[in-house]
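Listed below are the residues making up each chain.
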Amino acid sequence: MTATESFYHTPSPPGLKGIWAWLLTQDHKRIGLMYLWAVGLWFCIALCCGLLMRVELMSAGRTIMGPEVYNSLFTLHGVIMIFLFVIPAVPSIFGNFFLPIQIGADDVFFPKLNLLSWYLFMLGAFLAVASLFLGEGFPDTGWTFYVPFSLTTDKNVSLTVTAAFILGMSSMLTGLNFITTVHRMRTKGMGWMQMPLFTWSLYATSWVQILATPVLSITLLMVIFERVFAIGLFDPGKGGDPILYQHLFWMYSHPAVYIMILPAMGVISEIIPVFSRKAVFGYKGIVLSSMGIAVAGSLVWAHHMYTSGMSDVAVFVFSLLTFLVAIPTAVKVFSWIATMYKGAIEMTPPLYLALIFIYLFCVGGLTGLVLGSAGTDIHLHDTHFVVAHFHFTMFGGTGFAFFAALHYWWPKMFGIMYNFKKAYIGATLAAVGFIFHYVPMFILGMQGMPRRYYDYLPKFERGNFLAGFGGFLLVIGIILMFYNLLMSFRKRQVAPQDPWGGTTLEWSVPSPPPLHNFVEEPKVKAYPYDFSEVIAQAQNAQAHQESEK
Amino acid sequence: MEKKIDKTGIRIGMWLFLYTEIILFGGLFVLYAAYFHKFPELFAQGGEELNTLVGTVNTVVLLISSFTVAASITALQRGKKGQTIAFLLFSIFCGVVFLINKYFEWSTKFHHDIFPNSETLQNGPDGLNIFFGLYYVITGLHGLHVIIGMILLMVTLTLVMKERVHKDRFQLLENAGLYWHLVDLIWIFVFPLFYLVI
Ligand code: HEM
Ligand SMILES: [Cu+2]
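Worth saying up front: this structure is predicted, and the values here are computed from it rather than measured.

Criteria and thresholds
Residues numbered from 1 in each chain as written. Chains lettered and ligands numbered in written order. Predicted model: local features only at pLDDT ≥ 70, side-chain atom pairs only at ≥ 80, totals over all residues. Heavy atoms only, no water. Salt bridge = Lys/Arg side-chain N within 4 Å of Asp/Glu carboxyl O. Helix = DSSP H or I, 4+ residues; strand = E, 2+ residues; numbered from the N terminus. Buried < 20%, exposed > 50% of the residue type's maximum accessible area, 1.4 Å probe, protein only. pLDDT = per-residue confidence, 0-100. Donors = N, O, S within 2.8 Å, 3.2 Å for Na, K, Ca; no water. Tetrahedral: all angles 85-135°; square planar, octahedral: opposite > 155°, others 65-115°. Core = buried A, V, L, I, M, F, W, Y, C linked by side-chain atoms within 4.5 Å. Contact = heavy atoms within 4.5 Å. Buried area = accessible area lost by both parts, 1.4 Å probe. Polar contact = N/O pair within 3.5 Å; in protein donor to acceptor, adjacent residues only side chain to side chain. Nonpolar A, V, L, I, M, F, W, Y, C, P; charged D, E, K, R; others polar. Patch = residues over 30% accessible without salt bridge, like charges linked within 9 Å, V, L, I, M, F, W, Y side chains within 5 Å. Areas by Shrake-Rupley, 256 points an atom, 1.4 Å probe, with all protein chains shown as cover. Near = heavy atom within 4 Å.

Attention now moves to the pattern of salt bridges. Residue and element names in this part refer to chain B. Tallied over the entire structure, the rule returns 8 salt bridges over all chains. Close ionic contact of Lys81 with Glu163 constitutes a salt bridge, the shortest N to O distance being 3.1 Å. A residue pair is termed long-range when its members are at least 10 positions apart, and Lys81 in helix H4 (residues 81-111) and Glu163 in the loop between helix H6 (126-161) and helix H7 (171-195) qualify at 82 residues. Judged by relative accessible area, which is 31%, Lys81 ranks as partly exposed. Of the charged contacts in the structure, one is a salt bridge between Lys102 and Glu105, with a shortest N-O distance of 3.1 Å. Here Lys102 and its partner Glu105 are both found in helix H4, 3 residues apart, which amounts to about one turn of the helix. Assessed through its relative accessible area of 5%, Glu105 is described here as buried.

This is the structure in structure tokens:
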């Protein structure tokens, strides 16, 4: 075996052959890939659920399913998309694969724990789906499991909640692992301010995970207790208070949206400077804003509860705090734009997707302010406006950042290049479809169409038809993107070590990386986004070409 | 490739994990605080019905076991295997005493028809129902942690006997000990909340 042989081909330890070499691996790269296939599969399933719902809503009245199926479908769609796609996607796949490489380490700090997280993830996923077929049918509570409905419905809520509990544990262990890795395994000479921004964002996310997830765990445990023993902690008839459930739930679930979006922002912060050939503007600002979002984002949970009956003071305070989160977020967006300003921009599919991200995410963020102000929220609460808003941030944001990360790191992970033209077409279709899909929902919401309803008044028909039409375009675009990536295995166009001119450490190792990541001691740059060498090389090559002519 | 054990790293990982456990209970304490605010008198009344003596005994038992676990770590670091084993056995024994005590306490309560959904609580005032609901949930969850801690100590004990955990490789014992301290620490919060409510 030569030192540069990729981690795919390294011989398995004795007794571990074929599939076991993967299932029992402790190599962070292999675990990252195992997450990739698992998460990808779930995403496709949940996508189908979403599309089915949209088809049902395309015309008023019953179209292809009854109300019960609809309720189960949107719970399934929500649970999968949240717990099995947006939360784990970027940290588990790309974080596992690239965090150790970006800091010049061999592996994560606790490799066995890492494998355990993957198994917990699979177990949770399996239970979530199993609860669909066991018992009285899939829970119809939505992914928020609000009491009292989640306590009284006869569907199999306990199992789904257990699944969510296990998934939470998995994400917590990953966070713990990443924090320890960052603290203890940075290569010699890499100070905190020399860490790539993607790693920084994962570090901030991990803290949110560790601080917020246990609150969800205990909330879910209490739902189980209440279902089994009916103590009455949330039941007004017995002295309990359902609002407390909501407080506990959102104390996790609002920070969870930062668990979803921070790594996505890390990906974008990585892509923008590389394709602008320019040091990222305000490196420290981006780092601080990550931490700022992590802190401020933990204080705003109750903006989901303006209509639940809180005191006016609480409504005011939470509304104010919610606006504060916009500041660090805006710092990031301005940094990206300032980075591109006067840069030598080279258009590629990852950059294209990153730009789509910025656009869609800004729409999502700005409409978030509409929902953050108590006055307007009272009107829009639980309408389709909310559905459009969160799809813009979670799907337009994290979803597209995930696509961008896939296109950015694909050559590194597999050592092969995909077709650019198809990637552009797929991305464009997806973006256009996205806008057609969700913009009508903003309007529908303002007109008063509620969310989570299976049927609606005839006046909402046109908007829903348009949205459904956009949904199809969107799905076609996504399928094209995935098809293009998968086809690269067929065509096998070998990718160079550093196809984009990246400067972080993962581009200094062969594609795909060898088993021990680094063949020689990694060389740490004084500043991670220093493109002077890349630019000089490109100029040399050009000069060389011209002299040959 | 040389494989050094990074003790600090392992400790960081364990501390982070303990942190999550504290926040797990933190959620329950938040509930306690909210309901205490709502029913202060009834909580006090509920507290009077709990047996302070049993609670105190259990507190003492846990404190002692915490001490012996710490002693076992020191013993192991000094290479005294026999002492380590003795201290560990004693700590596990303390865990057993705690659970037995808890068992009797709970069963007396059951006897007096005080348990989730019992007639007395259902027909009594809401505050008492919530108080005892929280009592069962929190002490139950804590009891579960005691059991997990004991399992951890037993696993460590076996490994100490097999010399897989020894003078130069004591991280497992140290972490099991930390976990046990955590269980103790949480109890120190639980105890006044339920037994000493004024
Ligand atoms: C083609 C893609 C998608 C379609 C057609 C779609 C469609 C829908 C529909 C119709 C609903 C129900 C809205 C309601 O009545 O409240 C919904 C809910 C939801 N969607 Fe999507 N969606 C798509 C992609 C996504 C993605 C990528 C995510 C996550 C990143 C996501 C996350 C959610 C969540 C969390 C809910 C709320 C479920 C609940 O209320 O319990 N969706 N989606
Ligand atoms: Cu929120």
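Okay, back to it.
This part is about the confidence of the model for chain A. Of the residues in chain A, 97% have a pLDDT of 70 or more, and the chain-wide mean is 89. Within chain A, helix H6 (residues 149-152) of chain A has the poorest average pLDDT of any element, 79, and helix H15 (residues 420-447) of chain A the best, 95.

Residue and element names in this part refer to chain A. Note on the copper ion (ligand 2): its protein donors are His254 (ND1), His303 (NE2) and His304 (NE2). The metal-donor distances range over 1.7 to 2.1 Å. In primary-sequence terms, the residues that donate to the copper ion (ligand 2) follow H-x48-H-H. The class for His303 is buried, based on a relative accessible area of 13%. Judged by its relative accessible area of 23%, His304 is partly exposed.

On to the coordination of the iron atom of ligand 1. Residue and element names in this part refer to chain A. Within the protein, the atoms that donate to the iron atom of ligand 1 are His77 (NE2) and His391 (NE2), at distances of 2.0 to 2.1 Å. Note that the iron atom of ligand 1 binds 6 donor atoms; their angles at the metal cover 84 to 179 degrees, and the shape is octahedral. Here the residue His77 occupies a position in helix H3 (residues 67-86), and His391 occupies one in helix H14 (residues 384-414), the gap between them amounting to 314 residues. Residue classification places His77 among the buried positions, given a relative accessible area of 14%.

Of all hydrophobic cores here, the largest spans 242 residues; its most connected members are Phe94(A), Phe357(A), Phe400(A), Phe403(A), Trp409(A) and Phe194(B). For this core, the element with the most residues is helix H9 (residues 242-276) of chain A, which contributes 21 residues. Dropping the residues within four chain positions of it, Trp409(A) is found in contact with Phe94(A), Phe98(A), Gln102(A), Phe198(A), Val267(A), Glu270(A), Glu506(A) and Trp507(A). Core analysis: the next-biggest nonpolar cluster, separate from the first, contains 6 residues, Leu127(A), Ala163(A), Ile166(A) and Leu173(A) among them.

With that out of the way, let us pick up the interface of chain A and chain B. Each side of the interface is counted separately: chain A has 33 residues, and chain B has 30 residues. For the chain A face of the interface with chain B, the top three residues by lost area are Arg184(A), Ile231(A) and Leu233(A), together amounting to 19%. There are 1 salt bridge connecting chain A and chain B. With a shortest N-O distance of 2.9 Å, Arg184(A) and Asp6(B) are connected by a salt bridge. Remark: the boundary between chain A and chain B carries 5 residue pairs in polar contact (both at pLDDT 80 or more). Those elements that place two or more of their residues in the side of chain A that touches chain B are helix H7 (157-184), helix H8 (197-229) and H9 of chain A. In terms of residue count, the dominant contributor to the side of chain A that touches chain B is H8(A) (11 residues). Each residue belonging to the side of chain A that touches chain B can be placed in one class, and the counts come to 22 nonpolar, 7 polar and 4 charged.

Moving on: the side chain of Glu174(B). Tracing the backbone shows Glu174(B) in helix H7. Not counting residues within four places of it along the chain, the set of residues in contact with Glu174(B) comprises Arg11(B), Ile73(B) and Gln77(B).

Looking now at a nonpolar patch on the surface. Residue and element names in this part refer to chain A. On the surface, Tyr359, Ile435, Val439, Ile443 and Met446 cluster together into a nonpolar patch covering about 440 Å² of accessible area. The leading source of residues in the nonpolar patch is H15, at 4 residues. Residue position: Ile435 is located in helix H15.

This paragraph deals with the site of ligand 1. All names here are of chain A. In the vicinity of ligand 1, 26 residues are found, and the nearest of them are His77, Trp143, His391, His437 and Arg452. The contact in question runs from a nitrogen atom of ligand 1 to an N or O atom on the side chain of His77, over 2.8 Å. Separating an oxygen atom of ligand 1 from a side-chain N or O atom of Arg451 is a distance of 3.2 Å. Those elements that provide at least two residues to the shell around ligand 1 are helix H2 (28-57), H3, H14, H15 and helix H16 (461-491). For the shell around ligand 1, the element with the most residues is H3, which contributes 7 residues. Its residues placed into classes, the shell around ligand 1 shows 17 nonpolar, 6 polar and 3 charged.

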